[in-house]
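Residue-level structure breakdown
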Amino acid sequence: MNTAGLSFEQGPPFSVPLRFFLTAPWFLVLAAVLISWEGPVIFASRWLPSMLALTHLLVLGFMAQTMLGALLQILPVAVGVSVPYPRLTAALIHIPLTLGTLTLVGAFLFSEPVLFAHAVGLLGLGFGVALIAFNIAVWRAPVAGGTVIALRCALIALLVTVLFGLLLASGLSWGWSLPVVMITELHAVWGLAGWTPLLLAGVAYQVVPMFHITPTYPTWLTRSFAPGMTGLFIAWTVLTLAGWPTVAMWVRIALTFGLIVLAIVTLYLFTQRRRKIGDPTLGYWRISMVSLFVGAGLWVLTQWLPALALAPQVELLLGVLLIVGFAIAVINGMLYKIVPFLAWFHLQARFLGQAKVPNMKQLLPDAPIQRQMWGFLATVVLLLAAVIYPIIFTYPAALALGITGAWLGVNMFNVAWFYRRWSRQNALV
Amino acid sequence: MTTVLDYLSAEHRQCDEAFAIAEEAAHTSDLAGCRTHFQQFQAAMERHFQKEEQVLFPTFEEATGNAMGPTRVMRLEHQQMRGTLAGMASALADGDLESYLGDGETLLILMQQHNIKEEQMLYPMSDRFLASVADQVIAALQEFQPEQPV
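Please read all numbers here as calculations on a predicted model, not as lab measurements.

**Considering the overall build of chain A**
When helices and strands are tallied, chain A shows 14 helices and 0 strands. Against the 2.2 N^0.38 benchmark of 22 Å for 429 residues, chain A shows a C-alpha radius of gyration of 21 Å, consistent with a compact globule. If one aligns the C-alpha atoms of chain A with their principal axes, the spans along those axes are about 65 × 50 × 45 Å. Relative to all contacts within chain A whose residues are 6 or more apart in sequence, the contacts with residues 24 or more apart total 76%.

**Section: the overall build of chain B**
Within chain B, the secondary structure is distributed over 5 helices and 0 strands. Relative to its length of 150 residues, chain B is compact, with a C-alpha radius of gyration of 16 Å against a globular reference of 15 Å. In terms of principal-axis extent, the alpha carbons of chain B reach across some 50 × 25 × 25 Å. By residue count, 43% of the 150 residues in chain B fall in the buried class. Contacts spanning at least 24 positions in sequence make up 70% of the contacts within chain B whose residues lie at least 6 apart.

**Concerning the interface of chain B and chain A**
Between chain B and chain A, the contact holds 30 residues from the first and 29 residues from the second. Elements represented by at least two residues in the side of chain B that touches chain A include exactly helix 1 (4-27), helix 3 (70-93) and helix 4 (97-129) of chain B. Counting residues per element, the side of chain B that touches chain A draws most heavily on helix 4 of chain B, which supplies 17 residues. Grouping the amino acids of the side of chain B that touches chain A by side-chain chemistry returns 11 nonpolar, 11 polar and 8 charged.

**A word on the packing of helix 2 (residues 31-64) of chain B against helix 5 (residues 134-143) of chain B**
Residues and elements named next belong to chain B. At a minimum axis separation of 10 Å, helix 2 and helix 5 run at an interaxial angle of 170 degrees. Between helix 2 and helix 5, the angle is such that the two are roughly antiparallel. Residues Lys51, Val55, Leu56 and Thr59 of helix 2 lie in contact with helix 5, whose contacting residues are Val137, Ala140 and Leu141. Of the residues contributing to the contact of helix 2 with helix 5, the split by class is 5 nonpolar, 1 polar and 1 charged.

**Let's talk about the environment of B:Gly33**
All names here are of chain B. Position of glycine 33 relative to the elements: it lies in helix 2. Residue classification places glycine 33 among the partly exposed residues on the basis of 15 C-beta atoms within 10 Å. Counting along the chain gives 61 residues from glycine 33 to aspartate 94, while the straight-line C-alpha distance between them is 15 Å.

**Considering the packing of helix 1 (residues 15-38) of chain A against helix 14 (residues 390-428) of chain A**
Residues and elements named next belong to chain A. Direction vectors running N to C along helix 1 and helix 14 enclose 165 degrees, while the axes themselves pass 8 Å from each other. Here helix 14 runs roughly antiparallel to helix 1, going by the angle between their axes. Where helix 1 crosses over helix 14, the handedness of that crossing is left-handed. When grouped by side-chain class, the residues that make up the contact of helix 1 with helix 14 number 20 nonpolar, 6 polar and no charged.

**A closer look at helix 13 (residues 366-388) of chain A**
Residues and elements named next belong to chain A. If you check helix 13, its first and last C-alpha atoms are 34 Å apart, about what 23 residues at 1.5 Å a residue would give, namely 33 Å. Taken as a whole, helix 13 has its buried residues at Ile369, Gln372, Met373, Phe376, Thr379, Val380, Leu382, Leu383, Leu384, Ala386 and Val387. The inward-facing, buried residues of helix 13 contact helix 9 (280-304), helix 11 (312-351) and helix 14.

**A few points about unusual backbone geometry**
All names here are of chain A. For serine 111, which is not a glycine, the phi torsion comes out positive at approximately 45 degrees. Within the secondary structure, serine 111 sits in the loop between helix 3 (86-110) and helix 4 (113-139). A positive phi angle is found at isoleucine 213, which is not glycine, with a value near 50 degrees. Relative to the elements of secondary structure, isoleucine 213 occurs in the loop between helix 6 (180-211) and helix 7 (219-242).

**Some points on helix 4 of chain B**
Most pronounced at B:Glu118, the bend in helix 4 of chain B amounts to some 40 degrees. The element helix 4 of chain B is extensively covered by neighbouring structure, given that 25 of its 33 residues are classed as buried.

**Considerations on the environment of B:His114**
Tracing the sequence through the fold places B:His114 in helix 4. C-alpha separation for the pair B:His114 and B:Ala91, spaced 23 residues apart in sequence, amounts to 23 Å.

**A look at the environment of B:Asp6**
Residue and element names in this part refer to chain B. Within the secondary structure, aspartate 6 is located in helix 1. Here aspartate 6 falls in the exposed class, since 12 other C-beta atoms lie within 10 Å of it. Sequence-wise, aspartate 6 and proline 58 are 52 residues apart; in three dimensions their C-alpha atoms are separated by 19 Å.

**Thoughts on the confidence of the model for chain B**
When the pLDDT values of chain B are averaged, the result is 90; 97% of them are 70 or greater. Overall fold confidence (pTM) sits at 0.92, and the ipTM for the predicted complex is 0.85.

Conventions adopted
Residues numbered from 1 in each chain as written. Chains lettered and ligands numbered in written order. Predicted model: local features only at pLDDT ≥ 70, side-chain atom pairs only at ≥ 80, totals over all residues. Helix = DSSP H or I, 4+ residues; strand = E, 2+ residues; numbered from the N terminus. Rg over C-alpha atoms; globule rule 2.2 N^0.38 Å. Contact = placed C-beta atoms within 7 Å. Buried ≥ 20, exposed ≤ 12 C-beta atoms within 10 Å, placed from the backbone. Nonpolar A, V, L, I, M, F, W, Y, C, P; charged D, E, K, R; others polar. Axes fitted to C-alpha atoms, helices over the stretch in contact; angles between N-to-C directions. Parallel < 35°, antiparallel > 145°, perpendicular 65-115°, else oblique. Left-handed = near helix turned anticlockwise from the far one by under 90°. Expected span 1.5 Å × (residues − 1). Bend = angle between axes of the 7 residues up to and from the residue. pLDDT = per-residue confidence, 0-100.

Below, the structure written as structure tokens:
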């Protein structure tokens, strides 16, 4: 085994992940603006162009943005291998991803083939760079524990998600005749039930026991969850493409049970935590795991109750639960640990022995985090209500989403601002 | 057979436990209780650091011929944690529990990202490299006495 390339060095410069975390919350605000602009009609169907635009503001603008930014930071810690050329890599992911998301949203809203072509180019570049950089790191990992295995599986799922997405957008741009419904299903399921939970699982194996001081995840889960789920996803995809819907449905039910197991085990671990004091991030984890449990449960029910599957609201409820309730919640919660810690860490490295660096709670106090969390919970509930009673709840839901997104954005910005001001003041001393 | 991974990871969990008890005391404004438990926590941390710095790291460096790699960063992080622990001790001396809790939150993240690196990489690598002398290393870790009373 070669240790020469291993440094365990702290991650990249602060600006590398920070740019993603400062950008992402404003996509929630854009999503709120879009909902207000379109009004209650946006909740008529998941296939409406405006709903597709909204979905991509959330999954690309917020989720992919933060997930890829966090990976640039986390990989050196969790895997022991740094991402090469961190500043350049970050720019080559962040800029195309941000512009590509806006372009794709414009393409949906204006049904403009040229914009779809630009979106394919930009998003293909951003995700392509990310996939190459992250794969180089995870396949060079010196020790393959549960987290490394889950990250490898998550990156496979991201690749499949991106390829189906690029195929769909290319089809819309160049007018190919594709089986759009089937490919969209594959794209959405690989993204929301594959890449996202697999990445979360890899992170959770470390973060839940360590930061909340709980027992560790059982070995059977950390060893088998990610490879098992990936195997099932591949089987489901092949069966779907080969036109065997009945067997594919059973595989899909098995997949859903996998997600339910992850949610239950995580919620159980939280009941066993040794750290008794409350923590806003913990609230976010609970919202996320309950949403995953309810969302996966609803998904299983749709397999058995065809009447339920036909109702357009059910798919939208699933979308709200899995995108906002599950994924955005847990990311939002983790940002409150990652960003103040990194600010402290970089200040501390720079001013060691010269000045007493402000701690995490001085950089970002608990009170605004706690309030933003209640705003977030209200947003999830109002969005679910808006799916069922769009006339009444669409505008309150949009308002809540806009406020909670902007609040997160301000909280993140305040940490960055404090960091900058404090560095300048103390550099002069 | 005990491995380096099992033995030293168990010490991490004991330190976590001690951290949580002291933090809970601070949270309930029990200054005296917090001082007692923090002292135990700080001593457990220092003992663990010294075991690694004086037994595990030198053996690892010798076996791999690499003193500038992983162990150098681990030593640096020990120094960062010692600094943060000293900050918490002085907050307690001033009776400033709010500052103690803020520093504690920061230490927890610093400590756990360090533990992740050790448990995910350094310890499993040590078990692999030290295969032939692993029993001796673990015996040395078990018998280790800290240099200064902590």
